[in-house]
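# An overview of the molecular structure
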Amino acid sequence: MNPAGATRQIYWNISHVWVMYVLLFPALAIFVYGFYRQIKKWRRGAPAARFDQPRRRLKLVFKHALAQRRTARDVYAGTFHRFISYGFVILTIATTVVALDADFGTAIMRGHFYLYFQSFIVDAFGALVLIGVGLAAIRRYLSRPKKLVYTDEATWILVAIALICLQGFLLEGWRIAATNDPWASYSPVGNLIARLSLLSDSTLQTAHRFTWWFHLLLSFGVLAWFPYTKMMHVFTAPLNIYTAQLAPLGASLKHLDFEKTESFGVNSLAAFTWKDLLDLDACTECGRCTAVCPAHIVGKELSPRDIILGLRDAMHGDVNAPIIGSTPATAPAALWQCTTCVACMQACPVFIEQMPKIVDMRRFLVMEETEFPESMQQAIMSLEKRGHPFSGTNATRIDWADGLDIKHISDVQDAEVLLWVGCGGALIERNQKVTRSTAQLLDRAGVRFAILGRDEKCSGDPARRIGNEFLYEMLAKENVESLKKHNVKKVVTSCPHCFNAFRNEYPHFGGNFEVYHHSEYLARLVSEGRLKPIATANKSVTFHDPCYLGRQNDVYDAPRQLVQISSQGAAVEMARSREKSFCCGGGGGMSFVDEPPDKRVNQERAREALATGADVLAVGCPFCMTMMEDGINAQRGDREMRVMDVAELLLEASS
Amino acid sequence: MKILVCLKQILDPEIPARDFRVDAAKGEAERGNANLVTNIFCENALETALQFRERFGDAKITVLSFGAASAEDSLRKALAMKADAAALVINDKNSNPDPLTVAQVLATAIRKLGTFDLVMVGREAGDWGAGQTAGLLAEELSMACVSFVDRIEAMSGGLRMKRQTDSGWEVLEAQTPLVVSITNDEHNVPRIPKVRDVMTSYHQPITQWTLADLGYEIEADKYYQLVDLSIPEKESRCEFVTGDTLDERVESLARRITEVTSAL
Amino acid sequence: MNDVVICLLSPAGFDRAAQGLAGEGRRLAEKLGSQLKAIVLSPQSPATAPEVAQVCDEVIVVEQDEYQPETALTALVDVCRQLSPAAVLFGNDTYSQEVTPRLAYRLDGAAVGDAVAITVHEQALRVSRQVYGGKAQATIELKRTPAVLWTRARSFASANKLSTPGNITELNVDAPTDTRTRIVERKRESQSEQRLEEARVIVSGGRGIGGPEPFNDELKPLAELLGAQLAASRAACDAGWVPPTFQVGQTGKKVTPDLYLAIAITGASQHMAGISEAKNIAAINTDPDAPIFKHCRFGIVEDYRKVVPLLRQKLIALQNSQR
């Protein structure tokens, strides 16, 4: 037979097709209304500028909505998700083709196109959908991982998808059997069903007719139901990815206009931006954010997934109703457990921004209610009174420089860089040694550097993360002014929190400086030959990526170069490294809080570090130094593991 | 009920010892890099006043400070904590007036501000710690005085208060007008002002007077005079107990302790 | 008149602090070439006046049923006006601290508190006291007479006994009719009859203790073993873990024990101001850089939770072996 004429009869065996068109309209209306309702809700949020740089945004959509790269980080889930999603794309194209041919007089599904695409490829992808659903069901009902959300809705969705596909195959198979379709072999699954259906022609026709209408009702039902379920993510996820934050994760927090804002911080859906509200509808309930959350992993209540889903459910109610404490996930106790490590944001396949919402709610608690943990209050009061968060310290900002010839910036003409020491580096005894090491290395390299000494004030990071945006702004503005006054162009700092503040947050206040983490600057000095380290020590070293350097600012390699250069021994990577690094537990104001002894983030990380068997744990942050030393001390048992900053390692190799 | 709370702004008492220096000629600590803060007992007093108003209603709280122009910051913070009015008597003369001068200036300013039922001061200042303001102020204003109060309640005909003593506490009943000095307690830890209130406080007016406005002239050294101010030399090296195990170290500690106590 | 008068207001009677006060009063009187007199405000034990008379040239006992601030003040003013002294000295108890400025005012004198040393300089009295939370020492010369001082009497040596005890007179004082304050309830919350300022060994806890229970469960048994009294830093008191009477520091008690064991106390200068006269300070703290160690004779860097139970065992063993 001539393949050029291959096709099938649309609506074979079906009469009163007009009923379908009649039913289509209410289904479509309900579908459209569902979207309209959500879009209206998003628009009640505050403004946000997320439509700049369209080419960059489109690239993100290709990478993550089409290629689904983040989803595929979990190979199992990525596979079945691609099966189902790509399968449905194909099925949708196929159905559209049918509609075009049926209603618009086209003749697309003919010949080779009909045989190879409409029959074969569609069958294959339909089968993939079923396999995908099967794999998903195995995970959901047999493995039952904790991170998933077990709702009836999820079950019904899987059932519906499976049924729709199954029905599709049955319809195809029975048609093939009843019409003795000559092109049956191009539809392998349909063909198989045809072969297996040992029914009489009239039975086939009845079954086919019945199933066709059932399939119709089911499909239209799913269509109508679609925007009221997590299936919405098919549309909201790509939209969410398009409007994602393009700046590094370290720049995730929003600015507040204190003169114009009605309420400081967020305690209602209306106070969120439209992008925040879109986030809520993009969520697919995959649970990866909670699965990587360090607080959650050590047994605390914090669950980014449940915050997002709780807020999503609250969208059905009054957008002005209070949200803090409206569900267990948004209870203040949980909000105060966040270290702002943004592992959640890194993990999210659809680019939801969980951490800024937590900080938004913290802002409300701190600035509107002044209700926040006492230990954090101490830190804030110390910041207000003394410009540093370490209440009770007897150290000054220049104690670390005793015995070294370090100059104040006003005494140095044309300094190459300003060494920004930071509060941790100046006032915590263990970290003073790191500052000394950095200063000595800079000196050896012949770098003309200076410090602000007593004129340094906290970068404001702890205040900002705790939620006191007002205090943060004051400190930031003072620091920007201070640096401008001294004509500072380049800043080197050993604290990633200060680094992040200067690089990503100070430009908002007119502070545009070239900022380097000390590991970056030192690595550069080595590559320029200004430092010539010789690794003599034979210790194995594992590097703990600071959240504020790595995940939030994409700096992973410079500290590793220093580790490589400094030690002859092996460099060992922890499983949770680079962008998957596990927080030390010190960020977000948490280093000031006394955690329950059995739920300490730093101890969890310490166990991981110890398990590598390395001799040295290398760090690049004063918070990590404190938390990891504490953690290792608490966990070490008989093993010795030294915690050292990369600068200290480099100095040892440079002696 | 009209309440007046006196506030003193002082050098941050928690400056690191290394940074603490005195200017013997001027007879005061050097400002250096230290910040200025409100004396904690004055904040306890303000907090007590605020809680009194919350519980017993209808009280107007005025805060008053006698100090340098920078004391305005302390008064703004008090306004942010929701005091109703603030006044500052600027001291442009010497920085460490004696307690009688302070009491007289405050009394003059208080009379100019109106009639008050209750005057509250901190028990002493974190810098000079003379602890005399309450008593001398009471004498100047011809009011009774109760010291070391940590809790005040309204009762019919006056006030009931609890005050700390070295062996416990006492409850007193008093009639207004009254001066009290306030000491710290777990209940009068000063509240953190809300950001919005901090912002509003910058727009609230503060009455400012010079000593000339009050018609007061300071007579130096009429009550007492500072003849010397110095930082005592104190170097002692701590002997950290040694031992390889915790057991050995605690044994060492126990021995050292017994050495001292058995000689008693 | 150039006499020195000491005033005993505390119901503790002629205790170590009062003896020190008398000693200092006597030394001062000798420098001024005058007599030492004493005012004893009742209610006191009947043994007090005769004990005081052993070291003072004259003792005036003011009878009152109970201590009331305004009655006491009026009585003191009356007696001091009659005596017209050069100096009036008090101890550091609550009533003394409260009364001195007002007494000075009514006598047209000048008051100074927390004196640790008193000298005479060309007929004027000079007083040494700690300022700036104990970080500095000030010397103050009084410009009006009488000088009305409350002192850290425990630091002073006691007086020599007189060959003939002084005269004891008794005065009855009527309460002034227009008193506007009245003590209606008194509560003693102290751990023992002995005042904290009298204690020779003190076990003190700070913010690092972490809660009220360890004060009872860990520190109290340790204190009992050592015959010590319990005290605390302001942080622990502010947190409500212990009553305010435990507070040692710039405000709170100034103590002068032979051994002050500071447990989980950082040693901020505000606290150090209360223990600067302690003979031996020892500390248990997890932070080797805690300022307290700069003032210690000896110490241990360790979590008190690990040290204290073990320490109790060791002390018991040592005590047993000494029997």
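Residues numbered from 1 in each chain as written. Chains lettered and ligands numbered in written order. Predicted model: local features only at pLDDT ≥ 70, side-chain atom pairs only at ≥ 80, totals over all residues. Heavy atoms only, no water.

### Thoughts on the overall build of chain B
Helix and strand counts for chain B stand at seven helices and 15 strands. Counting only C-alpha atoms, chain B reaches 70 × 50 × 40 Å along its principal axes. For chain B, long-range pairs separated by at least 24 residues make up 72% of all intrachain contacts whose partners lie at least 6 apart in sequence. (Helix = DSSP H or I, 4+ residues; strand = E, 2+ residues; numbered from the N terminus. Contact = heavy atoms within 4.5 Å.)

### Notes on the interface of chain C and chain B
Between chain C and chain B, the residue contacts involve 87 residues of the former and 82 residues of the latter. Taken together, the two surfaces of chain C and chain B that pack against each other cover about 7,400 Å², and 57% of this comes from carbon and sulfur. Summed over the three residues of chain C that lose the most area to chain B, namely Tyr132(C), Lys135(C) and Arg180(C), the buried surface amounts to 11% of that side. The partner of Lys314(C) in a salt bridge is Glu251(B), with the nearest N and O atoms 3.3 Å apart. There are 34 residue pairs in polar contact (both at pLDDT 80 or more) connecting chain C and chain B. Examining the composition of the side of chain C that touches chain B, we find that nine residues originate from one element, helix H4 (residues 94–106) of chain C, more than from any other. Of the residues assigned to the side of chain C that touches chain B, the class counts are 36 nonpolar, 22 polar and 29 charged. With six bridges joining them, strand E14 (residues 224–230) of chain B and strand E8 (residues 136–142) of chain C adopt antiparallel strand pairing. Paired with Leu226(B) across the two strands is Ile140(C), which belongs to E8(C). (Buried area = accessible area lost by both parts, 1.4 Å probe. Salt bridge = Lys/Arg side-chain N within 4 Å of Asp/Glu carboxyl O. Polar contact = N/O pair within 3.5 Å; in protein donor to acceptor, adjacent residues only side chain to side chain. Nonpolar A, V, L, I, M, F, W, Y, C, P; charged D, E, K, R; others polar. Pairing = 2+ DSSP bridges.)

### With respect to the sheet that holds strand E7 (residues 124–131) of chain C
If you trace the four strands from one edge of the open sheet to the other, you get E14(B)-E8(C)-E7(C)-E6(C), paired in antiparallel fashion. Where the open sheet ends on each side, the last strands, each with one partner, are E14 of chain B together with strand E6 (117–121) of chain C. Neighbour to neighbour, the strand axes of the sheet diverge by 25 degrees on average, direction disregarded. Judged from the six bridges that link them, E7(C) and E8(C) form a sheet pairing that is antiparallel. (Axes fitted to C-alpha atoms, helices over the stretch in contact; angles between N-to-C directions.)

### Here's the deal with helix H8 (residues 233–242) of chain A
Among all positions of H8(A), only Thr236(A), Ala237(A), Asn240(A), Ile241(A) and Tyr242(A) are buried. Close packing links the buried residues of H8(A) with helix H1 (18–43), helix H2 (54–66) and helix H9 (274–282) of chain A. (Buried < 20%, exposed > 50% of the residue type's maximum accessible area, 1.4 Å probe, protein only.)

### A word on the domain arrangement of chain C
Residue and element names in this part refer to chain C. What the domain assignment lists for chain C is domain 1 (4–171) and domain 2 (196–322). A separation of 31 Å is found between the C-alpha centroids of domain 1 and domain 2. Each side of the interface is counted separately: domain 1 has 13 residues, and domain 2 has 12 residues. For the domain 1 and domain 2 pair, buried surface summed over both sides reaches about 1,100 Å², with 37% attributable to carbon and sulfur atoms. Where Asp-114 meets Lys-254, a salt bridge forms, and the shortest distance between an N and an O atom there is 3.8 Å. Joining domain 1 to domain 2, the criterion identifies zero residue pairs in polar contact (both at pLDDT 80 or more). Broken down by class, the residue content of the side of domain 1 that touches domain 2 amounts to two nonpolar, five polar and six charged. (Domains from an automatic or database assignment.)

### Notes on the pattern of salt bridges
Residue and element names in this part refer to chain A. For the structure on display, the rule yields 83 salt bridges over all chains. Arg-139 is paired through a salt bridge with Asp-74; the nearest N and O atoms lie 3.9 Å apart. Linking Arg-139 in helix H4 (residues 111–143) with Asp-74 in the loop between H2 and helix H3 (75–104), this pair joins segments that are 65 residues apart in sequence. On the basis of relative accessible area, Arg-139 is assigned to the buried category, the value being 14%.

### Comments concerning the side chain of Lys253(C)
Here Lys253(C) shows up in the loop between helix H6 (234–238) and strand E14 (259–263). Although buried, Lys253(C) forms no salt bridge, and the nearest oppositely charged side chain, Glu197(C), lies 5.3 Å from it. Look past the residues within four positions of Lys253(C) in its chain and what remains in contact with it is Asp166(B), Leu196(C), Glu197(C), Thr245(C), Gln247(C), Val248(C) and Gly274(C). (Lys, Arg positive; Asp, Glu negative; His and termini not counted.)

### Focus on the interface of chain B and chain A
The interface is formed by 18 residues belonging to chain B together with 26 residues belonging to chain A. For the pair chain B and chain A, the summed buried area comes to about 1,900 Å², and 51% of that belongs to carbon and sulfur atoms. Joining chain B to chain A, the criterion identifies six salt bridges. Of the charged contacts in the structure, one is a salt bridge between Arg18(B) and Asp402(A), with a shortest N-O distance of 3.1 Å. Counting every contact that joins chain B to chain A gives eight residue pairs in polar contact (both at pLDDT 80 or more). Looking at the side of chain B that touches chain A, the element that brings in the most residues is helix H5 (residues 195–201) of chain B, giving four residues.

### Quick word on the environment of Val159(A)
Residue and element names in this part refer to chain A. Structurally, Val-159 can be placed in helix H5 (residues 152–179). Given a relative accessible area of 34%, Val-159 falls into the partly exposed group. Taking C-alpha positions, Val-159 is 38 Å from Ser-252, a pair spaced 93 residues apart along the chain.

### Points about H5(A)
Across its 28 residues, H5(A) extends 39 Å between first and last C-alpha, which sits within 8% of the 40 Å expected from 1.5 Å per residue. Immediately downstream of H5(A), the backbone of Asn180(A) shows phi near 50 degrees, a positive value. (Expected span 1.5 Å × (residues − 1).)

### Section: unusual backbone geometry
Backbone torsion omega between Thr176(B) and Pro177(B) reads 0 degrees, so that peptide bond is classified as cis. By secondary structure assignment, the location of Pro177(B) is in the loop between strand E11 (168–174) and strand E12 (178–182). In this chain, Thr145(C) is followed by Pro146(C) through a cis amide linkage whose omega measures 0 degrees. Topologically, Pro146(C) is positioned in the loop between E8 and strand E9 (147–151). The backbone phi angle of Thr340(A) is positive, close to 55 degrees, even though this residue is not glycine. By the secondary structure assignment, Thr340(A) is in the loop between helix H13 (332–335) and helix H14 (343–347). Of note in this structure, Lys82(B) is not a glycine but carries a positive phi near 85 degrees. Here Lys82(B) lies in the loop between helix H2 (71–80) and strand E7 (85–90). Take Lys82(B): its relative accessible area is 44%, and that puts it in the partly exposed class.

### Some remarks on a nonpolar patch on the surface
Residues and elements named next belong to chain A. There is a patch of nonpolar side chains on the surface, built from Ile-30, Tyr-33, Tyr-36, Trp-156, Val-159, Leu-163, Phe-210, Phe-214, Trp-225 and Tyr-228 and spanning about 1,000 Å² of accessible area. With respect to the helices and strands, Tyr-33 occurs in helix H1. For Tyr-33, a relative accessible area of 44% corresponds to the partly exposed category. (Patch = residues over 30% accessible without salt bridge, like charges linked within 9 Å, V, L, I, M, F, W, Y side chains within 5 Å. Areas by Shrake-Rupley, 256 points an atom, 1.4 Å probe, with all protein chains shown as cover.)

### Focus: the packing of H4(A) against H5(A)
Residues and elements named next belong to chain A. It is the contact of H4 with H5, at a shortest axis distance of 10 Å, that shows an interaxial angle of 145 degrees. Crossing of H4 over H5 shows left-handed handedness. Between H4, through Tyr-114, Asp-123, Gly-126, Ala-127, Val-129, Leu-130, Val-133, Ala-136, Ala-137, Arg-140 and Tyr-141, and H5, the contact on the second element is made entirely by Ala-154, Thr-155, Leu-158, Ile-161, Ala-162, Cys-165, Leu-166, Phe-169, Glu-172 and Arg-175. Of the residues assigned to the contact of H4 with H5, the class counts are 15 nonpolar, two polar and four charged. (Left-handed = near helix turned anticlockwise from the far one by under 90°.)

### Remarks on empty space enclosed by the protein
Scanning the model with the defined rule gives 12 cavities of 30 Å³ or more in all. As for the largest cavity, its lining consists of 33 residues, of which Glu124(B), Gly129(B), Ala130(B), Gly131(B) and Trp150(C) are closest to the centre. Residue assignment for the lining of the largest cavity shows that the elements contributing at least two residues are helix H4 (133–141) and strand E9 (144–155) of chain B together with H4, strand E5 (110–115) and E7 of chain C. Looking at the lining of the largest cavity, its residues break down into 12 nonpolar, 13 polar and eight charged. Here the second largest cavity is characterised by a volume of approximately 240 Å³. Taken together, 20 residues line the second largest cavity, and the ones lying closest to its centre are Arg123(B), Asp166(B), Thr94(C), Gly252(C) and Lys253(C). Taken together, the elements giving at least two residues each to the lining of the second largest cavity come down to strand E10 (158–165) of chain B together with H4 of chain C. Taken together, the residues that form the lining of the second largest cavity break down as three nonpolar, 11 polar and six charged. (1 Å grid on protein atoms, 1.4 Å probe; cavity = no way out; pocket = protein on both sides within 12 Å on 5 of 7 lines; lining within 4 Å. Points joined across faces, edges and corners; volume = space filled by probe spheres on them.)

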